[in-house]
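# Survey of secondary and tertiary structure
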Amino acid sequence: MTANEYKNLVDAKLSEYFVPAGLSYDGLLESMHYSLTAGGKRIRPMLVLEFCRISGGDTEKALPVACAIEMLHTYSLIHDDLPCMDNDDLRRGKPTNHVVYGECTATLAGDALQAEAFGTIARSSLSAEARANCIEILADAVGSDGMCAGQYLDMIGESKILSEDELDDINSRKTGALLIAACRMGVAAAGGSEAMLEAAAQYGACVGAAFQIRDDILDVISTSEELGKPVGSDAEEHKNTYMALLGEDKCMKMIEKLTDQAKKALSGAFEDTKFLGELADSMVTRKN
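These notes cover the structure that comes with them. (Residues numbered from 1 in each chain as written. Predicted model: local features only at pLDDT ≥ 70, side-chain atom pairs only at ≥ 80, totals over all residues. Heavy atoms only, no water.)

### Re the overall build of the protein
Formally: Put simply, DSSP marks the helices as runs of H or I at least four residues long and the strands as runs of E at least two long, and each gets a number from the N terminus on. A simple rule labels every residue: compare its accessible area, found with a 1.4 Å probe on the protein chains alone, to the largest value its type can have, and call it buried under 20%, exposed over 50%, or partly exposed in between. Residues count as neighbours in contact if any of their non-hydrogen atoms are within 4.5 Å of one another. Here the accessible surface of atoms and residues is derived via Shrake-Rupley with a 1.4 Å probe, and residues count as covered only by protein chains that are part of the display.
In terms of helices and strands, the protein carries 15 helices and two strands. Considering only C-alpha atoms, the protein reaches an extent of 55 × 50 × 35 Å along its principal axes. The proportion of buried residues among the 288 residues of the protein is 51%. Of the contacts formed within the protein by residues at least 6 apart in sequence, a portion of 70% connects residues at least 24 apart. Just so you have it, the protein exposes about 12,800 Å², and 52% of that area is on carbon and sulfur atoms.

Dropping the structure here:
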């Protein structure tokens, strides 16, 4: 499949979740559905499906897993935008969840999406072993030493000047962990080998790092219209970023090196890596 075909497949499935249906808690479902279907590149679901495919699995059976990781990602964005965190009012070109539904409902929508992510995997038609492996991978990626740890380190680091190593530690958890999980979950859904899981993790780590560095660049050089969210907020809030620490030229060289490493990580473990190579390349020049 092409990236657009994967995206359309995922978007169509996501639109089926949490649709208000005359229930007493429709307001919560509406809030969840709003952010889940607000758009986005759907990179994480794509990675799940493509790694499943090249590992010899059934992408149709893996589709709920792909949707689950997008639910988890969406929860993180809703909470990241809250007034107590980044206090953003624009996400994916639309008002953020708390702006539309209020802070309390937005918080609960994020909480529910996190729980439903694991439930969606558990209720899928994959084998019991594949479901358990996918759930464990996702839990490890987002828990106390994964994405949430990255968010915490990012928060307490705002008043400090961090080193490149400290910045790497934050972003490998905050951004990289979930991208690595997407790659590994695709392999796990297919029942792939340990060598495949390791190669997928290396690819995800490199792509995740490149993705974050490019995000830092875009926050400086892009516009709100292009990016779909506020720009310049990193500098205004004195956040530690690769752009602030290293400058654009060095950042671009790092992205190019990481992209090359990502593509090399796949060789030997997988035969058909064209899609993933092109996806890694797209990190270098993406505009949003």
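This is not the end of the story, as more comes after the structure.
### Looking at helix α2 (residues 26–36)
Of all the eleven residues making up α2, eight are buried; the element is thus mostly covered by neighbouring parts of the structure. Residues of α2 that are buried make contact with α1 (3–14), α4 (59–81), β2 (94–95), α5 (97–101) and α6 (103–122).

### Some points on the packing of helix α3 (residues 43–54) against helix α15 (residues 274–285)
The condition that has to hold: All axes here are fitted lines through C-alpha atoms, helices being fitted over the stretch that makes contact, and every angle between N-to-C directions spans 0 to 180 degrees. Roughly parallel here means an angle under 35 degrees, roughly antiparallel means over 145, roughly perpendicular means 65 to 115, and every remaining angle is called oblique. Crossings are classed by handedness, with left-handed meaning an anticlockwise turn of the near helix from the far one by less than a right angle and right-handed meaning a clockwise turn.
Remark: α3 packs on α15, axes separated minimally by 11 Å, with the N-to-C direction vectors making an angle of 155°. Of the possible angle classes, the one that applies to α3 and α15 is roughly antiparallel. Remark: the crossing between α3 and α15 carries left-handed chirality. Contact residues: α3 offers I43, M46, L47, E50, F51 and I54, while α15 offers F275, L276, L279 and M283.

### Focus: the nonpolar core
We apply this condition: Remark: nonpolar core denotes a set of buried residues (Ala, Val, Leu, Ile, Met, Phe, Trp, Tyr, Cys) joined through side-chain atoms within 4.5 Å.
Ranked by internal contacts, the top residues of the largest apolar core, which has 81 residues, are L47, F51, L72, L138, M185 and Y203. Setting aside its immediate chain neighbours within four residues, Y203 contacts L47, F51, C183, A262, A265, L266, L276, L279 and A280.

### Points about the packing of aromatic side chains
Each aromatic ring pair is summarised here by two numbers: the centre-to-centre distance and the angle between the ring planes. Stated formally: When the centres of two rings from Phe, Tyr and Trp lie within 6.5 Å, Trp using its six-membered ring, the rings pair. Their planes under 30 degrees apart give stacked, over 60 give edge-to-face, and anything left gives tilted. Sitting over a ring, as applied to charges here, requires NZ of Lys or CZ of Arg to be within 6 Å of the ring centre and within 35 degrees of the ring normal.
According to the stated counting rule, one finds five aromatic pairs in the structure shown. Measuring from ring centre to ring centre gives 5.8 Å for Y17 and F18, while their planes differ by 40°; the resulting arrangement is tilted. Each member of the pair Y17 and F18 is classed as buried. With 5.6 Å between their ring centres and 65° between their planes, F51 and Y203 make a pair best called edge-to-face. With a gap of 152 residues between them, F51 in helix α3 and Y203 in helix α10 (residues 194–221) connect regions that are remote in the sequence. A network of ring pairs unites the aromatic residues F51, Y203 and F270 as a single cluster. When the ring centre of F211 is taken as reference, the NZ or CZ atom of R44 above it lies at 5.7 Å.

### Quick notes on the packing of α10 against α15
Formally: Throughout this entry, Asp, Glu, Lys and Arg are counted as charged residues, while Ala, Val, Leu, Ile, Met, Phe, Trp, Tyr, Cys and Pro are counted as nonpolar. The remaining residues, Gly among them, count as polar.
The geometry of α10 relative to α15 is characterised by a closest axis approach of 8 Å and an angle of 20° between their N-to-C directions. With respect to α15, the element α10 is oriented roughly parallel. Judged by the twist between their axes, the crossing of α10 over α15 is left-handed. Side by side, α10 and α15 meet where Y203, V207, A210, F211 and R214 of the first sit next to L276, L279, A280, M283, V284 and T285 of the second. Each residue belonging to the contact of α10 with α15 can be placed in one class, and the counts come to nine nonpolar, one polar and one charged.

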